[in-house]
Amino acid sequence: MLEMLFYSEIDGVFVNGLFDEKRFESVHSLTEDIVVLSPQDFKFEEDGCPTLIVNSDTTCMYRNKTFEVAKDKGYTGSRIMEFDTLESILNAVESGMGMSVVPKRILDNRKTMQGIIQSDLSMPVRIEFIVSLKKKRSKSLQKFIRFIKSLSLNV
């Protein structure tokens, strides 16, 4: 995604982590709480490695956090199930298919999920919206930046 941003194929990208400040500029940042969702009847100690429900985008921060949580719990050789949308991931976990790490705020906007255990992770993640320093900002990009700054997500 950073390469696409550098070559002006996209206007901006949300990132978690380091980026080249000589090529890109952060125009907005937020801190987001994240949670582990897992089936209520799953007992990690007894049932072994859960299936990891993740986004198919290998650069997805939540995908990588899911792998990190599994590794921290000592799960090796977990099965992986990939989906393209957050809604599909939530539905898979709700159906008892496995566990995933997701942004906590999306659960506030969703009706009650049945049969799910939600475990807060102690470390929130920092997310930056970055743009290319070399590209002039289009009116639509400027409008989008104003929009994300107006949201109450900023901490």
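A brief look at the structure comes next. Being a predicted model, the structure only gives us computed values, none of them experimental.

Rules used throughout
Residues numbered from 1 in each chain as written. Predicted model: local features only at pLDDT ≥ 70, side-chain atom pairs only at ≥ 80, totals over all residues. Heavy atoms only, no water. Phe/Tyr/Trp six-rings, centres within 6.5 Å; stacked < 30°, edge-to-face > 60°. Buried < 20%, exposed > 50% of the residue type's maximum accessible area, 1.4 Å probe, protein only. Lys NZ or Arg CZ within 6 Å of the ring centre and 35° of its normal. Helix = DSSP H or I, 4+ residues; strand = E, 2+ residues; numbered from the N terminus. Polar contact = N/O pair within 3.5 Å; in protein donor to acceptor, adjacent residues only side chain to side chain. Contact = heavy atoms within 4.5 Å. Arc of directions from axis to C-beta. Pairing = 2+ DSSP bridges. Axes fitted to C-alpha atoms, helices over the stretch in contact; angles between N-to-C directions. Patch = residues over 30% accessible without salt bridge, like charges linked within 9 Å, V, L, I, M, F, W, Y side chains within 5 Å. Areas by Shrake-Rupley, 256 points an atom, 1.4 Å probe, with all protein chains shown as cover. Salt bridge = Lys/Arg side-chain N within 4 Å of Asp/Glu carboxyl O.

### Section: the packing of aromatic side chains
Applying the stated criterion to the full structure yields five aromatic pairs. When the ring of Phe-6 is compared with that of Tyr-7, the centres are 5.1 Å apart and the planes differ by 80 degrees; the resulting orientation is edge-to-face. Overall, the relative accessible area of 22% leaves Phe-6 in the partly exposed class. Ring pairing ties together the aromatic residues Phe-14, Phe-129, Phe-144 and Phe-147, which thus form one cluster. For the cation-ring pair, Lys-134 lies above Phe-6, with the distance from its terminal atom to the ring centre recorded as 4.6 Å.

### Things to note about the side chain of Arg-63
Residue placement: Arg-63 occurs in helix H3 (residues 61-72). For Arg-63, a relative accessible area of 10% translates into the label buried. Of the polar contacts made by the side chain of Arg-63, one reaches the backbone oxygen of Asn-55; its length is 2.7 Å. Non-local contacts of Arg-63, meaning those with residues more than four positions away in its chain, are made with Val-54, Asn-55, Ser-56, Asp-57, Thr-58 and Glu-82.

### What to know about helix H4 (residues 86-94)
Think of an α-helix as turning once every 3.6 residues; residues three or four places apart then point the same way. Those residues of H4 lying buried are Ile-89, Leu-90, Ala-92 and Val-93. Here the buried residues of H4 occupy an arc of 160 degrees about the axis, which is enough to place them on one side.

### Some details on the sheet that holds strand S2 (residues 24-32)
Spatially, S1-S8-S2 is the arrangement adopted by the three strands of the open sheet, whose pairing is antiparallel. Only two strands of the sheet have a single neighbouring strand rather than two, namely strand S1 (12-15) and S2. Pairwise comparison of adjacent strand axes, ignoring direction, gives a mean angle of 20 degrees for this sheet. Running over the sheet, H3 touches S2 and strand S8 (125-132) and is turned about 150 degrees from S8. Packing of helix H6 (residues 139-150) onto the sheet brings it into contact with S1, S2 and S8, and relative to S8 it is tilted by some 160 degrees.

### Side note on the pairing of S8
Of all the eight residues making up S8, seven are buried; the element is thus mostly covered by neighbouring parts of the structure. Note: S2 against S8, eight bridges, orientation antiparallel. Within S8, the residue paired with Glu-32 across the bridge is Val-125.

### Remarks on a nonpolar patch on the surface
There is a patch of nonpolar side chains on the surface, built from Phe-14, Phe-144, Phe-147 and Leu-151 and spanning about 350 Å² of accessible area. Among the secondary structure elements, Phe-14 is positioned in strand S1. Assessed through its relative accessible area of 42%, Phe-14 is described here as partly exposed.

### Section: the pattern of salt bridges
Any two side chains of opposite charge can pair if their charged atoms end up close together. Under the criterion given, the structure shown has six salt bridges. The salt bridge partner of Lys-135 is Asp-11, with a shortest N-O separation of 2.5 Å. With Lys-135 in the loop between S8 and H6 and Asp-11 in the loop between helix H1 (2-6) and S1, this residue pair connects regions lying 124 residues apart in the sequence. The exposure class assigned to Lys-135 is partly exposed, which follows from its relative accessible area of 30%.

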